[in-house]
Amino acid sequence: MPKYVCETCDYIYDPAVGDPDNAIKPGVTFEDLPDDWVCPLCGVGKDGFSPA
């Protein structure tokens, strides 16, 4: 599963890890994240991410 990087702060969303602080379990692909999910570090939306 590909990782995605935030273009604003360089946070990397890794599907193998998920986003446990925001109840996103490991194994959730970037495409399957909720539309209202935002970067946990800077708050940018999914459209501010690109494949790592």
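Residues numbered from 1 in each chain as written. Predicted model: local features only at pLDDT ≥ 70, side-chain atom pairs only at ≥ 80, totals over all residues. Heavy atoms only, no water.

For the chain, the name recorded in an unreviewed UniProt entry is Rubredoxin, with Desulfomonile tiedjei as its organism. Recorded in UniProt for the chain, the comment headed Function (unreviewed entry) runs: "Rubredoxin is a small nonheme, iron protein lacking acid-labile sulfide. Its single Fe, chelated to 4 Cys, functions as an electron acceptor and may also stabilize the conformation of the molecule." Turning to the chain, the UniProt record has this under Sequence similarities (unreviewed entry): "Belongs to the rubredoxin family." (UniProt positions renumbered as here; feature names shortened; annotations may be inferred.)

Novice: Please explain the UniProt feature "binding site: Fe cation" (unreviewed entry) in the chain as it appears in this structure.
Specialist: Look at the UniProt record and you will see "binding site: Fe cation" (unreviewed entry) annotated at Cys6, Cys9, Cys39 and Cys42. Of the residues just listed, which span 37 residues, no C-alpha pair is farther apart than 8.8 Å, and they cluster in one region. Along the chain, the position of Cys6 falls in strand E1 (residues 4-6). Taking the relative accessible area as the measure of exposure, Cys6 reaches 1% and is therefore buried. Ignoring sequence-local partners within four residues, the contact set of Cys6 consists of Tyr11, Cys39, Cys42, Val44, Gly48 and Phe49. Relative to the helices and strands, Cys9 resides in the loop between E1 and strand E2 (12-13). In this view, Cys9 contacts Cys39, Leu41 and Cys42; residues no more than four positions away in its chain are not counted. (Helix = DSSP H or I, 4+ residues; strand = E, 2+ residues; numbered from the N terminus. Buried < 20%, exposed > 50% of the residue type's maximum accessible area, 1.4 Å probe, protein only. Contact = heavy atoms within 4.5 Å.)

Novice: Would you explain the pattern of salt bridges in this entry?
Specialist: Any two side chains of opposite charge can pair, so long as their charged atoms come close to each other. A full pass over the atoms with the stated rule returns one salt bridge. A salt bridge links Asp14 to Lys3; the shortest N-O distance between them is 3.8 Å. Placement of Asp14 in the loop between E2 and strand E3 (49-51) and of Lys3 in the segment before E1 is noted, with a sequence separation of 11 residues between them. In this structure Asp14 comes out as buried when scored by relative accessible area, which is 18%. We classify Lys3 as partly exposed; its relative accessible area is 40%. (Salt bridge = Lys/Arg side-chain N within 4 Å of Asp/Glu carboxyl O.)

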